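Observations on the model geometry
Residues per chain are reported as follows:
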Amino acid sequence: MILKMGADKLGSVFISRQDIIPDLIRIVTTPQVLIAFAFYAAGFFTWMKALTRENLSYVYPMVSLSYILVLFYSYFLFKEPITLNKFMGIVLIIGGVIFINR
């Protein structure tokens, strides 16, 4: 979500070769992007911890639950609609995670 906020703040990037360096500088100096990188790093270490403690077949399906969080955050933060298809997808994801971990 924070990376999306940073991307919205940046606008378009990498339109042409001469824009690459200035765009990279803009990217790495945008606070939301830096915070998102920190969260990615924290997520990496959390993921490594989970993989050392549990079976991959148990842990990996839990990742799909993040799609549900993203849908709700997108609705509240970016005013994106929750359509019937998206809602049905959420139900299927939850059902699949429950089914696969029994």
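Refer to the structure above for everything that follows.
Below you will find a few notes about this structure. (Residues numbered from 1 in each chain as written. Predicted model: local features only at pLDDT ≥ 70, side-chain atom pairs only at ≥ 80, totals over all residues. Heavy atoms only, no water.)

A few words now on the overall build of the protein. Helices and strands together make up the secondary structure of the protein, namely six helices and zero strands. For 102 residues, the compact-globule estimate of 2.2 N^0.38 gives 13 Å, and the protein exceeds it by more than 25% at 18 Å. Viewed in the frame of its principal axes, the protein has a C-alpha envelope of about 55 × 40 × 25 Å. Looking at the 102 residues of the protein, the share that counts as buried comes to 15%. At a minimum sequence separation of 6, the contacts of the protein that also span at least 24 residues come to 52%. On the protein, roughly 7900 Å² of surface is accessible, and the fraction owed to carbon and sulfur atoms is 71%. Placing the 9 positive and 5 negative side-chain charges of the protein at their respective mean positions leaves the two points 7 Å apart. (Helix = DSSP H or I, 4+ residues; strand = E, 2+ residues; numbered from the N terminus. Rg over C-alpha atoms; globule rule 2.2 N^0.38 Å. Buried < 20%, exposed > 50% of the residue type's maximum accessible area, 1.4 Å probe, protein only. Contact = heavy atoms within 4.5 Å. Areas by Shrake-Rupley, 256 points an atom, 1.4 Å probe, with all protein chains shown as cover. Lys, Arg positive; Asp, Glu negative; His and termini not counted. Charge placed at Lys NZ, Arg CZ, Asp CG, Glu CD.)

A separate point is unusual backbone geometry. Glycine aside, residues mostly have negative phi angles, and peptide bonds mostly take the trans form. Positioned with a positive phi, K79 is a non-glycine residue whose angle comes to about 60°. Note that K79 resides in the loop between α5 (65-78) and α6 (84-100). The class of K79 is exposed, set by a relative accessible area of 67%.

Remember, this is a structural readout, not a statement about activity or role.
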